[in-house]
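A look at the structure
Residues per chain are reported as follows:
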Amino acid sequence: MTAEDRDREALSALMDGETQELELRRVLDSISSDPSLRDRWRRQQQVRELLQGQRRHLPDVDVSTRVREVLDAKRSVSRNPIWSMAVAASVTLAVVMGGQQLLMPSSGVTPAPVVSELGGAVVPVFGAQPVQASLGAQSLPVSSRQASGAQSAGQSIAAVYERLARDRYHRLNGRHAASAAQSHPAPYISYVRVPELKLEAPDSE
Amino acid sequence: MTASDTDKQLVQRAQRGDLRAFDLLVLKYQGRIAALVSRYVSDPGEAEDVTQEAFIKAFRALEQFRGDSAFYTWLYRIAANAAKNYLVAKGRRPRADATIEDAEGFDDGWLLAESSSPEAVAMGDELAGVVEVALQALPDELRSALTLRELDGLSYDDIADVLECPVGTVRSRIFRAREAIDARVREQMNGESGFR
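Now for a look at the structure at hand. Since the structure is predicted, the reported quantities are computational estimates derived from the model, not experimental observations.

1. Considerations on the overall build of chain B
Assigned secondary structure in chain B consists of nine helices and zero strands. In chain B, the succession of helices and strands from N to C terminus is α-α-α-α-α-α-α-α-α. Scored against the burial criterion, the 196 residues of chain B give a buried share of 51%. In chain B, the share of contacts with a sequence separation of at least 24, taken over all contacts with a separation of at least 6, comes to 60%. By element, 47% of the accessible surface of chain B is carried by carbon and sulfur atoms, the whole surface being about 9200 Å².

2. Thoughts on the packing of helix α1 (residues 3–15) of chain A against helix α3 (residues 35–51) of chain A
Angle between the axes and distance between the axes are the two parameters that describe a pair of packed helices. Residues and elements named next belong to chain A. Where α1 contacts α3, the two axes come as close as 11 Å, and the packing angle between them is 40°. By the angle between their axes, α1 is oblique relative to α3. Considering the relative orientation of α1 and α3, their crossing is right-handed. In contact with Asp7, Arg8, Leu11, Leu14 and Met15 of α1, α3 contributes Leu37, Arg40, Trp41, Gln44, Gln45 and Arg48.

3. Some remarks on the pattern of salt bridges
Think of it this way: side chains of opposite charge can pair up when their charged atoms draw near. The full count for this structure, using the stated rule, is 29 salt bridges over all chains. With a closest N to O distance of 2.8 Å, Arg178 of chain B and Asp16 of chain A form a salt bridge. Within this pair, whereas Arg178 of chain B is found in helix α9 (residues 167–191), its partner Asp16 of chain A is found in the loop between α1 and α2 (21–33), the two belonging to separate chains. Classification of Arg178 of chain B by relative accessible area gives buried; the value is 6%.

4. Notes on the nonpolar core
Most often, soluble globular proteins keep nonpolar side chains buried together rather than apart. In terms of nonpolar packing, the biggest core is built from 50 residues, with Phe22, Phe55 and Phe71 of chain B touching the most fellow members. If you list the elements that add at least two residues to this core, you get α1, α2, α3 and α4 (64–79) of chain A together with α1 (3–15), α2 (19–40), α3 (44–60) and α4 (71–90) of chain B. If you tally residues by element for this core, the top one is α2 of chain B, at twelve residues. Beyond its immediate stretch of four places on either side in the chain, Phe22 of chain B contacts Val67 and Leu71 of chain A together with Ala14, Phe55, Ala58, Phe59 and Leu62 of chain B. Leu127, Leu148, Ala160 and Ala177 of chain B belong to the second-largest nonpolar core, a separate cluster that totals 24 residues.

5. Observations concerning the side chain of Asp7 of chain A
Its place among the elements puts Asp7 of chain A in helix α1. When residues no more than four places from it in sequence are discounted, the contact partners of Asp7 of chain A are Arg26, Val27, Ser30 and Leu37 of chain A.

6. Thoughts on the environment of Arg16 of chain B
Residue position: Arg16 of chain B is located in the loop between α1 and α2. Taking the relative accessible area as the measure of exposure, Arg16 of chain B reaches 58% and is therefore exposed. Taking the C-alpha atoms as reference, Arg16 of chain B lies 8.6 Å from Glu63 of chain B; in sequence the two are 47 residues apart. Of the polar contacts made by the side chain of Arg16 of chain B, one reaches the side chain of Glu21 of chain A; its length is 3.4 Å.

Analysis parameters
- Residues numbered from 1 in each chain as written.
- Chains lettered and ligands numbered in written order.
- Predicted model: local features only at pLDDT ≥ 70, side-chain atom pairs only at ≥ 80, totals over all residues.
- Heavy atoms only, no water.
- Helix = DSSP H or I, 4+ residues; strand = E, 2+ residues; numbered from the N terminus.
- Buried < 20%, exposed > 50% of the residue type's maximum accessible area, 1.4 Å probe, protein only.
- Contact = heavy atoms within 4.5 Å.
- Areas by Shrake-Rupley, 256 points an atom, 1.4 Å probe, with all protein chains shown as cover.
- Axes fitted to C-alpha atoms, helices over the stretch in contact; angles between N-to-C directions.
- Parallel < 35°, antiparallel > 145°, perpendicular 65-115°, else oblique.
- Left-handed = near helix turned anticlockwise from the far one by under 90°.
- Salt bridge = Lys/Arg side-chain N within 4 Å of Asp/Glu carboxyl O.
- Core = buried A, V, L, I, M, F, W, Y, C linked by side-chain atoms within 4.5 Å.
- Polar contact = N/O pair within 3.5 Å; in protein donor to acceptor, adjacent residues only side chain to side chain.

Purely spatial values, then, with no claim about function.
This is the structure:
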């Protein structure tokens, strides 16, 4: 049996839903390179309809070529790199414009950075306003006091970040130690807080 | 497995963007869809355009097809809506109103009798005669296998049980039967310039 015979037999089996996925893929590949297989498929569908008594009065139209051309053309357009770039550029532009709209203050006045009255600064997000959390939560200890200057604000922000990071590290470290002490079969102390360490000379006693 | 398994296989591939698979579905159903559209749109040229549009719409909507109904029933709805919308856009009324029951009862083959031209009917009758002669000329074992498949709708496994032969033999016999009939049909088509 030649490769062409195998393809034609597979096409016949495909008509009956008796092909596996791999064979179907092979048939589709063969149809792409051999138009006579496509004609054979069409004829054999017509023969089936005649055998089953369906076809005798069907109109003899063939829109398949035009349908394929239209779908091919649409796919070519959507796969065109220039088209893809245009779509990507439009999306990017929309995101940037939308983001700017959201950040713009409604009054049109440029707000100054806000700082905490407790000594720490909060991150001066452009256009941000202090908000009251819902369900009875306390508001942030923040006022609209103007920062004295951009430089001092920058330094205090850096200090705040550093302090927050340090606090967070200590908190996590403590939590980890507590958890380890509870779950470990032989309890141990992995974390000791020493308020002050005094070293004395051995000969002082 | 049945012919509807063919549709499932092809639809699944088409849903993944395989135009070749969709092309085979178009080739398979274009006659029936054109018949349906002709019930609404009497002009053959317009009916062909609407048929084409129906398949393009079907491809675009293919992702939404979940397989709850047969592919043909789903396609039938799209084509019927395309034909109705076409007439509304033209400010015309449909000639008839087809229903989904028509789609399911289409196998009776009566739908298009009213919209086919006398030439098409004559050619259809002639081709049907050629197929019948070719079928009767087949060796018994090939004719039995093809008849059990096409007329009784049996799967290859069931045919193998009936004919007491391996499934591979059934597959081969049905293939050879179709090849023999196709050879006669091609002769007929080459002689008839008007028949595609």
